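# Structure at a glance
Here is what each chain is made of, one letter per residue.
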Amino acid sequence: MKVLLHIGHHKTGSTALQRSLAQSRRFLRRGGILYPRLSGWWSVHHALFPHFFGVEYCDPYVLRRLGRSSQQSLETSRAAWQELRSQVARLKPEKLILSSETFFTAGYHAQMERLGNILRELSDEIETVCYVRNPAEWVLSSFSTQIQMDSRFQWPPPGLREDVLKAYEVVRPAKFHVIKYASESLLGGNITQDFGSRFIEGGLHNASSRRINVSLSAEAMVLMEKYVCYHRASRKQPMPLRQQLFRRILRHVDSMLEGFEEPRLVPAAEASIMRACTDLAWLEMHHAIAWSNSTNNSPYEECAINYGGEFSVPRACKLNEARLAELEKIMTCMPMRLAGLAPSV
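Treat the numbers as computed from the prediction; the structure is a model and nothing was measured. (Residues numbered from 1 in each chain as written. Predicted model: local features only at pLDDT ≥ 70, side-chain atom pairs only at ≥ 80, totals over all residues. Heavy atoms only, no water.)

## Structural notes on the environment of Ser14
Take Ser14: it is sitting in helix 1 (residues 14–23). Residue class for Ser14 comes out buried when judged on its relative accessible area of 5%. With 87 residues separating them in the primary sequence, Ser14 and Glu101 have C-alpha atoms 6.9 Å apart. What Ser14 contacts, discounting residues up to four positions off in sequence, is His6, Gly8, His9 and Glu101. Within the local environment of Ser14, its side chain forms a polar contact with the backbone oxygen of His9, the two atoms lying 3.4 Å apart. (Helix = DSSP H or I, 4+ residues; strand = E, 2+ residues; numbered from the N terminus. Buried < 20%, exposed > 50% of the residue type's maximum accessible area, 1.4 Å probe, protein only. Contact = heavy atoms within 4.5 Å. Polar contact = N/O pair within 3.5 Å; in protein donor to acceptor, adjacent residues only side chain to side chain.)

This is the structure we're talking about:
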């Protein structure tokens, strides 16, 4: 049996891929492929993280889902592993696919050796798959997601991709696939088609038509940032239902308002991010992955953001000021109780 380990990275279409794999379980089983359902998670395998890497490196959200304490979370994770082994023994698949973007965050040599030893309980034939995205695009997409979740944006280490991928080389007695996440590089133009074409005989269909992780425009991101900052400054924690309602209303108004565009960085902001990354030359040399903006020569002085410092949408993104004013006007007219807005958005 072959084990195929998909480790993300975050913001590379992992959710869409995982949902397609989960919805295609019966089709995959007929082809001798197991994509297991474990510990209450329908489409992902986050539950295996504590057993693979230890609770100290685990995302707090995953730990809370698994148990009330670290020990309970670890026990749940070990139970998920035993559940997986039972499924493998019963179904005898030719290929096992495991997917969790949280695996990417565990790029430490000692943990990789531990992971390799655990996976070899099932098979000596292990392949790792990782999609990597343009760092500037990744930063913008990650900030958009985190600001909607009312969490503070954390800059990744500038050499993160090199550090993690080097660590995962320890696990690979078989192959290690590092794939550029860009529409012109993906087979079929998206990650689901690409993954299916490369690793699943007969391919994989886009099982869900619903959009995943809907984007906000740069103008809507400005309002979301103001909303979150207001609650932080006033030491108020937004009520989850109120925050979700505000986000839902903002997304709807944003998508309906004329002039919607996906957010884009100004050239100088893009250049500062790309210049700060220390692993781009390594990616190009070892995995033939490069981006056209990696040699952007926009001067630093035009950009008001620094890698590792505060990320501010008005400074980093191209804004339609007229659209921003109209969007702000609409949102401030929403009933306070309904939208949960500050007196001034």
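The rest of the description comes next.
## A word on helix 13 (residues 280–287)
Every buried residue of helix 13 is listed here: Leu280, Trp282, Leu283 and His287. Buried residues of helix 13 fall within an arc of 160° about the axis and therefore sit on the same side. Seen from the open side of helix 13, the exposed residues pointing more than 90 degrees away from its buried face are Ala281 and Met285. Against helix 7 (135–148), helix 8 (160–168), strand 5 (176–181) and helix 12 (267–276) lie the buried residues of helix 13. Backbone geometry just after helix 13 places Ala288 at a positive phi near 55°. (Arc of directions from axis to C-beta.)

## Digging into helix 12
Within helix 12, the full set of buried residues consists of Ala268, Ala269, Ala271, Ser272, Ile273 and Met274. Contact partners of the buried residues in helix 12: helix 7, helix 13 and helix 14 (313–316).

## A closer look at unusual backbone geometry
Residue His9 follows Gly8 across a cis peptide bond; omega there is 5°. Note that His9 resides in the loop between strand 1 (2–6) and helix 1. Even without a glycine there, the phi angle at Lys92 is positive, about 50°. With respect to the secondary-structure elements, Lys92 resides in the loop between helix 5 (70–91) and strand 3 (95–99). For Lys92, a relative accessible area of 65% translates into the label exposed.

## Examining the confidence of the model for the protein
When the pLDDT values of the protein are averaged, the result is 86; 85% of them are 70 or greater. Low pLDDT, under 50, characterises residues 336–345; the stretch is placed with 25 contacts to residues that sit more than four places away or in other chains. (pLDDT = per-residue confidence, 0-100.)

## Brief notes about the packing of helix 7 against helix 12
Put simply, helix 7 and helix 12 touch, their axes get as near as 8 Å, and they point 110° apart. With respect to helix 12, the element helix 7 is oriented roughly perpendicular. Crossing handedness for the pair helix 7 and helix 12: right-handed. Across the interface between the two elements, Pro135, Ala136 and Val139 of helix 7 pack against Glu270, Ile273 and Met274 of helix 12. A breakdown of the residues in the contact of helix 7 with helix 12 according to their chemical character gives five nonpolar, no polar and one charged. (Axes fitted to C-alpha atoms, helices over the stretch in contact; angles between N-to-C directions. Parallel < 35°, antiparallel > 145°, perpendicular 65-115°, else oblique. Left-handed = near helix turned anticlockwise from the far one by under 90°. Nonpolar A, V, L, I, M, F, W, Y, C, P; charged D, E, K, R; others polar.)

## Quick word on the nonpolar core
In terms of nonpolar packing, the biggest core is built from 82 residues, with Phe52, Leu119, Tyr168 and Phe311 touching the most fellow members. With eight residues, the single largest contributor to this core is helix 10 (residues 218–233). Discounting chain neighbours no more than four positions away, the residues touching Phe311 are Val139, Leu140, Phe143, Phe153, Trp155, Glu225, Leu265, Ile305 and Ala316. Listed in part, the 17 residues of the second largest apolar core include Tyr35, Val129, Ile191 and Leu204. (Core = buried A, V, L, I, M, F, W, Y, C linked by side-chain atoms within 4.5 Å.)

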